[in-house]
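This is what each chain is made of:
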Amino acid sequence: MITATQPGAADGERTQTPPAAPLAPLVEMQGLSVQFGKREVLRGLTASLRGRSIGLLGPNGAGKSTLINTLLGFYKSSAGTARVFGYDVGTEIRKIRGLVGYMPENDAFISKMSAVSFVQMMGELSGLPKDMALERAHEALFYVGLAEARYRQLGTYSLGMKQLAKLAQAIVHGPKLLILDEPTNGLDPSARQRMIRMIKDIRDGKEMRIVLCSHLLRDVEDTCDEVLILKQGRIAHYSNLDEERRANKRFLELETYGANGDFTEAIEKLGCECAVIANRMKMILADGIETRDIFRIAAEQKVRIRRMNFRRDTLEDIFLKAMES
Amino acid sequence: MAVYRRNYKAYTGALTAAWSRCFVLFRYSRRNLFRSKFMTALFVVCFFYPLMCLIMIYLAHSASFLREMGLPTEILSIDNKFFFHLISVQGVFAFLLTALTGPGLISPDLANGALPLFFCRPFSRAEYVLGKSAVLAILLSEITWVPGLILFVIQASLAGPSWAWTNLWIAGSILVSSLIWIAILSLLAMALSAWVKWRIVAGALLLAVMFFGAGFAQAINAVMRTDSGHFFDLAYLMGTVWNALFQVDSDHAIPVAEAWIALLVYCAICLGLLMRKVRAYEVIK
């Protein structure tokens, strides 16, 4: 949990950096719809994504992977337009693909090839000269931590190693945008930590921007500064995570003793929204209401407040709100 | 950057030309083919018959040697039939090579889900198919029209310009007959491997299309008392076209033009099937 008074103190939180100049739009969508037969998978998405690292969230079947595949030109839009780095997905897909590195969700490799040959070939297909592709294949495999295993056939790799090999092929040609589709799928906790660390490292290197698609909130929370939440093919929520958290400074958590329905009612009369779980209470303070008003009501009702702290919304809160909306 | 440095750095150098990237696939796929000793041995065996033909051409122009051996000097005739037999024999070897190598070109990519990795790059489906079919096209060319034309040139140089000028059409026949056979074999092998995704089954299916196709054609002809069954027999269609190209006398039940059309239709169907399967992701409607 990240508290309002201790920004950046939580485990895995980034160090605070001065506000940077706004980035150019990465992805712009205008009424983007995708239809498979009669089934509409994406429904009129309109957004301009600008973050350095953007998380795509949503329950299974929300359209996350479909959106990625549409941005890569694998699926054609049935209506609307999308632009990546200002290039139209419908007409300038080759230019877009030249700027993108993609790590798919499912197994994607050639089992009889060694990792270094595989990554070299992918580099050459992206336009790198043969010698340079070989050099960068070694570098990429060293970078992701497969240096020792780089001459082994990909078919002999464990799941975690295959994920790393997929990451290596996605970055070998130095893309401007890295699209990661469920990068931690099937990884054990230590492998997951390693993958997250690597994604953070890439993000902080500022050479690439990242779009990370996941249904694991923790992964997105750890690595992304913006989040786009999809629900049934529609945008349920799009926000900058830091701004979102700052905007929720009036979110309060109480642990009480002796509180009953009257206490909750009195607080709600002040205009605050309340939720009570056992002796814990969550509330959003209304404008003009301060904590001393809460203490006053508690004193009047003879309720003891054992703990009080401001709480920023976690991504889970943001996600659940988006799902309920 | 040295390999021990683990910091990631973007690539800022020059890129290769877009048109040249399908040769990357060709290079890697061809290298894989010759890792198999059996494949390499079969490839070498494919040159035995052209070598024999070379000796025959040499002997045909060595009257003194034939006389010394007590053989009549007119025993060997280097004409359209000679080259027709060469292409027929090499056509069989081409089929064997295709059955052995063709299914392994695309099926591993499909079976391992590698296609999204190809197509998320500035590399189109058409370039992918071109790169993969170039492997078979060049491999089969090396054993069909290339030795055929080399032998033609050798024969022409030994027989003189008048023979070359009179029989120039044979060179065209060698080239065209080989190319249509290569196109049929390559597209059929790749289409089957794309749909079956399992290399061994795809190879077996290729053999089945050829041999069961002939049986099916005979059955249709016998039951329906027609010749239309031959349209299901690729080898028969090919034979009809080759006979016409080399002007070899033979009785064929279907007109040459219809055989040509049928072969082109087969090529189009295979290409359609191939392009339908060669996609980053299948769309389930």
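Just so it is clear, the structure is predicted and the values come from calculations on it, not from any experiment. (Residues numbered from 1 in each chain as written. Chains lettered and ligands numbered in written order. Predicted model: local features only at pLDDT ≥ 70, side-chain atom pairs only at ≥ 80, totals over all residues.)

**Re the sheet that holds strand 11 (residues 251–257) of chain A**
All names here are of chain A.
Then, in step 1: Taken in spatial order, the four strands of this open sheet run 12-13-11-14, and their pairing is antiparallel. Looking at the sheet topology across the chains shown, the edges are occupied by strand 12 (273–277) and strand 14 (304–310). For this sheet, the mean angle separating the axes of adjacent strands, direction not counted, is 20°. (Pairing = 2+ DSSP bridges. Helix = DSSP H or I, 4+ residues; strand = E, 2+ residues; numbered from the N terminus. Axes fitted to C-alpha atoms, helices over the stretch in contact; angles between N-to-C directions.)

**As for the packing of helix 3 (residues 115–125) of chain A against helix 4 (residues 130–144) of chain A**
Residue and element names in this part refer to chain A.
Then, in step 1: In contact at an axis separation of 8 Å, helix 3 and helix 4 are set at 125° when each is read in the N-to-C sense. Classified by the angle their axes make, helix 3 and helix 4 are oblique. The element helix 3 and its partner helix 4 pack so that their crossing is right-handed. Within the contact between the two elements, helix 3 uses Ala115, Val116, Val119, Gln120, Gly123 and Glu124 and helix 4 uses Lys130, Ala133, Leu134, Arg136, Ala137, His138, Ala140 and Leu141.
Then, in step 2: In terms of residue class, the contact of helix 3 with helix 4 is built from eight nonpolar, three polar and three charged. (Parallel < 35°, antiparallel > 145°, perpendicular 65-115°, else oblique. Left-handed = near helix turned anticlockwise from the far one by under 90°. Contact = placed C-beta atoms within 7 Å. Nonpolar A, V, L, I, M, F, W, Y, C, P; charged D, E, K, R; others polar.)

**As for the packing of helix 13 (residues 234–245) of chain B against helix 14 (residues 256–277) of chain B**
Residue and element names in this part refer to chain B.
Then, in step 1: Two elements in contact, helix 13 and helix 14, have axes separated by 9 Å at closest approach and are oriented at 130°. By the angle between their axes, helix 13 is oblique relative to helix 14. The element helix 13 and its partner helix 14 pack so that their crossing is left-handed. Contact residues: Leu234, Leu237, Thr240, Val241 and Ala244 in helix 13; Val256, Ala259, Trp260, Ala262, Leu263 and Tyr266 in helix 14.
Then, in step 2: Of the residues assigned to the contact of helix 13 with helix 14, the class counts are 10 nonpolar, one polar and no charged.

**Let's talk about the environment of Glu300 of chain A**
Then, in step 1: Along the chain, Glu300 of chain A turns up in helix 10 (residues 291–301).
Then, in step 2: It is 9.1 Å that separates the C-alpha atoms of Glu300 of chain A and Phe263 of chain A, two residues lying 37 residues apart in sequence.

**Considerations on the confidence of the model for chain A**
All names here are of chain A.
Then, in step 1: On average, residues of chain A score 85 in pLDDT, and 90% of them reach the 70 mark or higher.
Then, in step 2: Mean pLDDT across the elements of chain A bottoms out in helix 8 (residues 241–246) (73) and peaks in strand 5 (residues 87–88) (96).
Then, in step 3: Contacts from residues 1–17, a stretch scored under 50 in pLDDT, to residues over four places away or in other chains number 22 contacts. (pLDDT = per-residue confidence, 0-100.)

**Thoughts on the interface of chain B and chain A**
Then, in step 1: Facing the 30 residues of chain B at the interface are 40 residues of chain A.
Then, in step 2: Listing elements by their share of the side of chain B that touches chain A, those giving two or more residues are helix 1 (22–33), helix 6 (103–111) and helix 7 (115–119) of chain B.
Then, in step 3: Sorting elements by how many residues they give to the side of chain B that touches chain A places helix 7 of chain B first, with four residues.
Then, in step 4: The class makeup of the residues in the side of chain B that touches chain A is 21 nonpolar, four polar and five charged.

**Focus on helix 11 (residues 168–196) of chain B**
Then, in step 1: The first and last C-alpha atoms of helix 11 of chain B sit 43 Å apart over 29 residues, in line with the 42 Å expected at 1.5 Å per residue.
Then, in step 2: One or two steps after helix 11 of chain B, the chain reaches Lys197 of chain B, where phi turns positive at roughly 65°. (Expected span 1.5 Å × (residues − 1).)

**Side note on the environment of Ser77 of chain A**
Residues and elements named next belong to chain A.
Then, in step 1: Looking at the element boundaries, Ser77 is found in the loop between helix 1 (64–71) and strand 4 (79–84).
Then, in step 2: In this structure the C-alpha to C-alpha distance between Ser77 and Gly31, which are 46 residues apart in sequence, comes to 9.9 Å.
Then, in step 3: Among all residues touching Ser77, those that are not within four sequence positions of it are Leu32, Ser33, Val34, Thr70, Ala82 and Gly90.

**Things to note about helix 6 of chain B**
All names here are of chain B.
Then, in step 1: Summarising burial for helix 6: seven of the nine residues are buried, a large majority.
Then, in step 2: Among all positions of helix 6, only Pro103, Gly104, Leu105, Ile106, Ser107, Pro108 and Asp109 are buried.
Then, in step 3: Where helix 6 is buried, its residues meet helix 1, helix 5 (80–101), helix 7, helix 8 (125–143), helix 11 and helix 12 (199–224).
Then, in step 4: Downstream of helix 6 by one or two residues, Gly113 has phi in the positive range, about 65°. (Buried ≥ 20, exposed ≤ 12 C-beta atoms within 10 Å, placed from the backbone.)

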